[in-house]
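The lines below spell out each chain.
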Amino acid sequence: MSEATRDAFEQAMDRRVIRGRSLYVDAWHRLLKNKAAVAALVVLAIMIIMVIVGPMLSDWDHEIPDWDHYSTPPSLETGHLFGTDALGRDLFVRTMIGGQISLLVGLVATLVSLVIGISYGAVAGYFGGRVDNIMMRFVDGIYAMPFMFFVIVLMVIFGRNIFLIFVAIGAVNWLDMARIVRGQTLSLKNKDFVEAARACGATEMQIIRRHIVPNLLGVVIVYVTLTIPQVILVESFLSFLGLGVQEPLTSWGALVNEGAQELETAPWSLLFPASFLALTLFAFNFLGDGLRDALDPKDRF
Amino acid sequence: MRTPVLEVRDLSVHFRVDTGRLFRHDYHTIRAVDQVSFDVHSAETLGIVGESGCGKSTLARAILGLVRAHGGSVQWLGKELLGLSEEEMRGKRREIQLIFQDPSGSLDPRMTVGQIVAEPLRTFYPSMSKLQVRERVQGIMQLVGLSPQQINRYPHEFSGGQCQRIGIARALVVNPRLVVCDEPVSALDVSIQAQIVNLLKDLQKKLQLSLIFIAHDLSVVRHVSDRVMVMYLGRVMEVADRDSIYLKPRHPYTRALIESVPIPDPVKERDRARRSLEGDMPSPLNPPTGCVFRTRCPHAIDECAREVPALETLDNGNQVACIRHREIVGETGDGRRETEAGSG
C-alpha cells in the first residue's frame, strides 16, 4: 500500500463515526439465537396476517349463514374449510374474525394497562415516602375489589360493549404493572446516573422520562408479552360466561363457548377456535420466556 | 488574600434513622457531617481525605444541594446556596459539577455517550441547535482524550477509565467553575488512576477550574492537591497546605494516616517503626464525647473527653482541631517540627 493510499485510508477511518450497539440491539441478537422464541415470533406474525387477510380472501361472511349447510364438517367441496356452525355460518371466517377481536383486546387492554401502570408506578416509586404510600394503598384497595363482580356491574350499567371490555380488563391489569414498575423504580432511583442527572440540573419529571422509564422497558416488555395472553384468556372467560363480545361479532372465547355446547354433534366447531387460541397463547408465552432470557442476564456487562 | 469562590461555614448534615422495631419508633441522629468549615479558592485543588464513612461524600453532595444540609452556610461567589429553592439551585448547578466514584454506574446504560455528555447542555441551554450540541460534545470528548468518533457508543462498550473520562466530559461540558470529584479514581486500576488524575490536573490548568478532590488514597491526594482537609467521623481534623500535611502533620489522626501509607520499598517498609491505629471508627450513631478521635488517639487525656476541640487557625493559615497539637508535635517531632510548633 502506497503512502498516499494509506493516508487516504486513515483519513476515511477517522471520519467514520462508530455506531454503538445498544443493550436492546444486543438483546435482540440474543433473542434471535433462541429457537423457541423465533418460532413463536413467526407463529405470531403468521397469525396476525391470517386474521387480517383471511376474512378478505374467503367467499363467506361471518354473519350471513350459508342456508344450504348447517353444522357441516370441514370440507373442500363446500368451501367451508373449518365447517359451519349450527346457524350455517362459515367457521373459518368466524375464527379469523374472532382472532381479530381476541388479539385486539389483548393488545389494547395491555397497552392501556402499560401506559397507566408505568406512569403510576414510576411516579410512586420515584417520589417514594408518603406519595408512594398513598398511591400504593390505593392500588391495594382496587386489588381487593372482586374483578368479576366489577365487570358484571359495568356490563349491567353500560350494556355489553367491546370498549367496556378494554376498560374493564385494562383497569385491573395496570395494578400488576404499577407494582412491578414501582419495584424496579425503587432500585433504579438510587443509581448514580440518576444522581448525576440531578447534578446536571434535570427536573424530577425529566429524570423519570429520560432515565427511569427507558431503563424499565426491559422488564416491562417481558411482562407485556406475558400479559397479552393473560388478557386474551380473561376475555375468553368473559365471553364463555356470555359477558364478552356481542353477536354477530365473536371472539375465540365466544367461539369456544359455542363449540363446547355442540361438542358431541360438531366437534370441529370447538377444535379450530380452541387450537388457534392455544397456539397463540403458547407463542406469546414462549416469546415472553425468550425475551426474559435475552433481556435479563443481569445487564450482561 | 484572594477571596474564595466557595466558603463553607459550620455545615452540618444530619440523618435521622429509626432503629426501633415494628410498632416502636426509636429515632437516632447520625451526624454525617458536623460543623465543617473550609474555603476553596479559584483554580485551586482542595483534597479531602478520611476513612470510609467519615462523611466525605455526604459533604460533597451537601455542597451541591443533593442532600439537605441541617445547618451552616455554603456561599458560592458570595451568594448563599443553602435554602435556595430547587429551581434556583438548578441554575447554580451549571457552575458546580460533580464527578462520581463508580464510572459505569454513573452513566445511563441506555444512552449513548453523545446523549450522556449532552444532557447538561439540554437542561441548561435548551435553545442550542442539535449541530451546536454535537460540536460541543465532540470538542469536549477530544479534550478529555476520547475519540469523537465514539459519540454513538454505549457505556458498556468502554473500559472503566474511559467511562470516567465520559463522566469528566459530562461535568465539563457546561464550563463549570468548580468540580467536585467524589473519589474519581478509587474504582480504577493504578495505571489508569494516574491517567485520570493527570487529565484532571491538565484540565484544571487549561480551564482554570477549582477542584474538590475526595479520596482515601493519600498519595493520589498529595499529587493533585494544593491544600488538604482531613476528616474523621464527620468532623474536620486538620486543614493544611499539601507540604505541611505530609511533612509536618499536626493532628494525631493525620499522623496516623500518613504513617499507614506503605512505602513502595520492601526493605524500608519492613524496618519502619509503625504505630498503627487501634480499633475501629466508633459508630456515628453514638460518637464519643469531646474530641471524636479520642477513643483511638494515642495522646488522649481526660480533657479530650470534656470539650469538642475548636478548629484552631495557626499563623501560616493552616487549621487543626486538637487541644494538644503543640505538645504532641514538640514531644515526638524532629527539630524541624519543633521550630514549626514554636512559630505556630
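Fair warning: this is a prediction, and the values are worked out from it, not measured in the lab. (Residues numbered from 1 in each chain as written. Chains lettered and ligands numbered in written order. Predicted model: local features only at pLDDT ≥ 70, side-chain atom pairs only at ≥ 80, totals over all residues. Heavy atoms only, no water.)

(A) Spatial organisation of the overall build of chain A. Within chain A one finds 11 helices and 0 strands. Since a compact globule built from 301 residues should have a radius of gyration of about 19 Å, the 25 Å found for chain A marks it as more spread out than a globular shape. Along the first, second and third principal axes, the C-alpha set of chain A runs to 80 × 65 × 25 Å. Looking at chain A as a whole, 47% of its 301 residues qualify as buried. Accessible surface, chain A: about 15200 Å² in total, of which carbon and sulfur atoms supply 67%. (Helix = DSSP H or I, 4+ residues; strand = E, 2+ residues; numbered from the N terminus. Rg over C-alpha atoms; globule rule 2.2 N^0.38 Å. Buried < 20%, exposed > 50% of the residue type's maximum accessible area, 1.4 Å probe, protein only. Areas by Shrake-Rupley, 256 points an atom, 1.4 Å probe, with all protein chains shown as cover.)

(B) A look at helix H7 (residues 162–188) of chain A. In this model, H7 of chain A (27 residues) spans 38 Å end to end at C-alpha, consistent with the 39 Å of a helix rising 1.5 Å per residue. Roughly 25° is the biggest bend found in H7 of chain A, and it falls at alanine 171 of chain A. (Expected span 1.5 Å × (residues − 1). Bend = angle between axes of the 7 residues up to and from the residue.)

(C) Molecular detail of the pairing of strand E7 (residues 178–182) of chain B. Residues and elements named next belong to chain B. Counting buried positions over the 5 residues of E7 gives 5, a clear majority of the element. Side chains Leu178, Val180 and Asp182 of E7 all project onto a buried face; the interleaved residues Val179 and Cys181 project onto the opposite face, where all are buried too. Note that strand E6 (residues 96–99) and E7 share 4 bridges and pair parallel. Bridge pairing in E7 places isoleucine 96 opposite leucine 178. Of the strand pairs in this sheet, E7 and strand E8 (residues 210–215) are connected by 5 bridges, and their pairing is parallel. Across the sheet, the residue bridging to valine 179 is leucine 211, located in E8. (Pairing = 2+ DSSP bridges.)

(D) Examining the environment of glutamine 193 of chain B more closely. Residue and element names in this part refer to chain B. With respect to the helices, strands and loops of the structure, glutamine 193 is situated in helix H6 (residues 190–207). Linking glutamine 193 and valine 220, residues 27 residues apart in sequence, is a C-alpha distance of 8.4 Å. In this structure glutamine 193 touches Val185, Ser186, Leu188, Asp217 and Val220, once residues within four positions along its chain are discounted. (Contact = heavy atoms within 4.5 Å.)

(E) Molecular detail of the nonpolar core. Core analysis: the largest hydrophobic core is formed by 58 residues, its most contacted members being Val117, Val137, Ile166, Ile168, Leu200, Phe213 and Val230 of chain B. When sequence neighbours within four positions are dropped, the list of residues in contact with valine 230 of chain B reads Val49, Arg235, Val236, Met237, Glu238, Ile245, Tyr253, Thr254 and Leu257 of chain B. Counting residues in each nonpolar core, the second largest holds 50 residues, with Val93, Ala122, Val224 and Leu295 of chain A among its members. (Core = buried A, V, L, I, M, F, W, Y, C linked by side-chain atoms within 4.5 Å.)

(F) Examining the sheet that holds strand E1 (residues 6–18) of chain B more closely. Strand order across the open sheet formed by 4 strands is E2-E1-E4-E5 (chain B), with antiparallel pairing between neighbours. Because the sheet does not close on itself, it has two edges, and the strands there are strand E2 (27–40) and strand E5 (79–80) of chain B.

(G) Layout of the interface of chain A and chain B. At the junction of the two partners, chain A supplies 30 residues and chain B supplies 31 residues. Roughly 2900 Å² of surface becomes buried between chain A and chain B when both sides are summed, with 54% attributable to carbon and sulfur atoms. There are 2 salt bridges connecting chain A and chain B. Linking chain A to chain B there are 9 residue pairs in polar contact (both at pLDDT 80 or more). Here the side of chain A that touches chain B gets 7 residues from one element, more than from any other, and that element is helix H8 (residues 192–199) of chain A. Residues that form the side of chain A that touches chain B fall into these classes: 13 nonpolar, 7 polar and 10 charged. (Buried area = accessible area lost by both parts, 1.4 Å probe. Salt bridge = Lys/Arg side-chain N within 4 Å of Asp/Glu carboxyl O. Polar contact = N/O pair within 3.5 Å; in protein donor to acceptor, adjacent residues only side chain to side chain. Nonpolar A, V, L, I, M, F, W, Y, C, P; charged D, E, K, R; others polar.)

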